Amino acid sequence: VCWRQIHRCMSQGSSRGGSPGKGGPKRKVAVLGAAGGIGQPLGLLMKLSPLVTDLALFDIAGTPGVACDLSHVNTQAKVEGFAGDGELGKALTGCDLVIIPAGVPRKPGMTRDDLFKINAGIVKNLCKAIAEHCPKALVNIISNPVNSTVPIAAEVFKQAGTYDKAKLFGVTTLDVVRARTFYAAKKGIPVEGVDLPVVGGHAGITILPLFSQATPKMDMTEKEIDTLTKRTQDGGTEVVQAKAGKGSATLSMAYAGALFAEACLKGLNGQKNVIECSYVESTITDIPFFSSKVRLGPKGIAEVLGLGKLTAYEKKALDDMAKELKASIRNGIEFVKK
Ligand code: NAI
């Protein structure tokens, strides 16, 4: 597979959502944290997307260079770099979609919660600026711990009077991407044809792949399911350890972030049946923020889909995660209220 095929594939998937080159809508996307390990390849993938007409790259420094570099790529999106808080408003004005991979990543031995101290404040400030400059934009939060940063964003938007639960998303697509890869390898089938939901949250035991709902279907023993579940839960740590102090997943995260961003744009453009898993405000369990399949539409989330039929193994995993996930949500909300 060469990059041309990947690009063509993205274009074909996207054209159903209205290719701007063929009279589709103008869409401005901002990446906040755009000079970072995720931000740079994510910027490239957004530049390759035919659904994006304007791409704003914001970071505390380094973005003019990244933007100049990307602007030479032969696609339509107009790229601009913005550096420092003084330019944040300009980056955000007119945005349809804001993607946030700003913040510090994990080092070996760290949990996602260890990042809270630094990243909570970063997400809070960026969301304040979103409330001021593009309150109607969809917001995709990548910065960890996602289980807390999404409730933080919700609380900031509530305080600003701009909160719309249909427009706020925690990006858990990388968990889905990993589960699909591990499942396809186990079954010996091409990963492109695999679909399987991952529900719950985005940290350790709160990540729950529903292998019983995977298609194509495969008979698996409980032990095999347990092994694949744990591998999906530890997928991030696998990368952190392999990078040995040089950060966490960046390239696969950029791929996953681009998949999810494109799904959001397709929904905005009126494409039907765009369904992805995401961590959103939810009533499908008694956990107030929860990742499940959501149907995307012209106003963001059109519908949060239910969990479907769960096995005893999955029900137990759901019970086991509830306490941790609720505590992470509470931490986020209290951080903003304090
Ligand atoms: P990185 O350190 O390479 O890049 C982060 C970038 O954010 C840097 O360029 C930094 O200058 C920028 N930044 C810091 N404060 C900022 C601010 N106030 N405004 C704008 N930009 C700011 O880190 P990397 O590897 O790109 O990871 C970023 C985040 O994504 C981390 O929190 C990491 O844990 C998270 N992550 C989330 C995943 C998910 O599945 N949701 C998967 C992998 C990482």
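In this text, all values refer to a predicted model and were calculated from it rather than measured experimentally.

Conventions adopted
- Residues numbered from 1 in each chain as written.
- Predicted model: local features only at pLDDT ≥ 70, side-chain atom pairs only at ≥ 80, totals over all residues.
- UniProt positions renumbered as here; feature names shortened; annotations may be inferred.
- Helix = DSSP H or I, 4+ residues; strand = E, 2+ residues; numbered from the N terminus.
- Core = buried A, V, L, I, M, F, W, Y, C linked by C-beta atoms within 7 Å.
- Buried ≥ 20, exposed ≤ 12 C-beta atoms within 10 Å, placed from the backbone.
- Contact = placed C-beta atoms within 7 Å.
- Near = placed C-beta within 6 Å.
- Nonpolar A, V, L, I, M, F, W, Y, C, P; charged D, E, K, R; others polar.

Draft legend 1. Here's a closer look at the UniProt feature "domain: Lactate/malate dehydrogenase N-terminal" (unreviewed entry) in the chain. In the UniProt entry, the feature "domain: Lactate/malate dehydrogenase N-terminal" (unreviewed entry) is given for residues 28-170. Within the segment residues 28-170, helix and strand shares are 40% and 20% respectively, and the terminal C-alpha atoms sit 20 Å apart.

Draft legend 2. Geometry of the nonpolar core. Val 98 and Ala 153 are the most contacted members of the largest nonpolar core, which totals 103 residues. The element best represented in this core is helix α10 (residues 251-268), accounting for ten residues. With near-sequence residues (within four places) excluded, Ala 153 lies in contact with Val 123, Cys 127, Val 139, Ile 141 and Leu 168.

Draft legend 3. Expanded view of the site of the ligand. Around the ligand, the structure places 32 residues, and the nearest of them are Gly 33, Gly 36, Gly 37, Ala 102 and Asn 144. At the level of secondary structure, the elements contributing two or more residues to the shell around the ligand comprise β2 (54-59) and α5 (116-133). At three residues, α5 tops the list of elements feeding residues into the shell around the ligand. Among the residues forming the shell around the ligand, the class breakdown is 18 nonpolar, twelve polar and two charged.

Draft legend 4. Here's a closer look at the UniProt feature "domain: Lactate/malate dehydrogenase C-terminal" (unreviewed entry) in the chain. Mapped onto this numbering, the UniProt entry gives "domain: Lactate/malate dehydrogenase C-terminal" (unreviewed entry) at residues 172-335. Secondary structure across residues 172-335 comprises 48% helix and 17% strand; the distance between its end C-alpha atoms is 22 Å.

Draft legend 5. Molecular detail of the environment of Ile 38. Considering the arrangement of structural elements, one finds Ile 38 in the loop between β1 (28-32) and α2 (39-48). By C-beta crowding, Ile 38 is classed as buried, having 28 other C-beta atoms within 10 Å. Remark: the alpha-carbon pair of Ile 38 and Ala 102, spanning 64 residues in sequence, is separated by 8.8 Å. Setting aside its immediate chain neighbours within four residues, Ile 38 contacts Pro 101, Ile 142, Thr 250, Met 253, Ala 254 and Gly 257.

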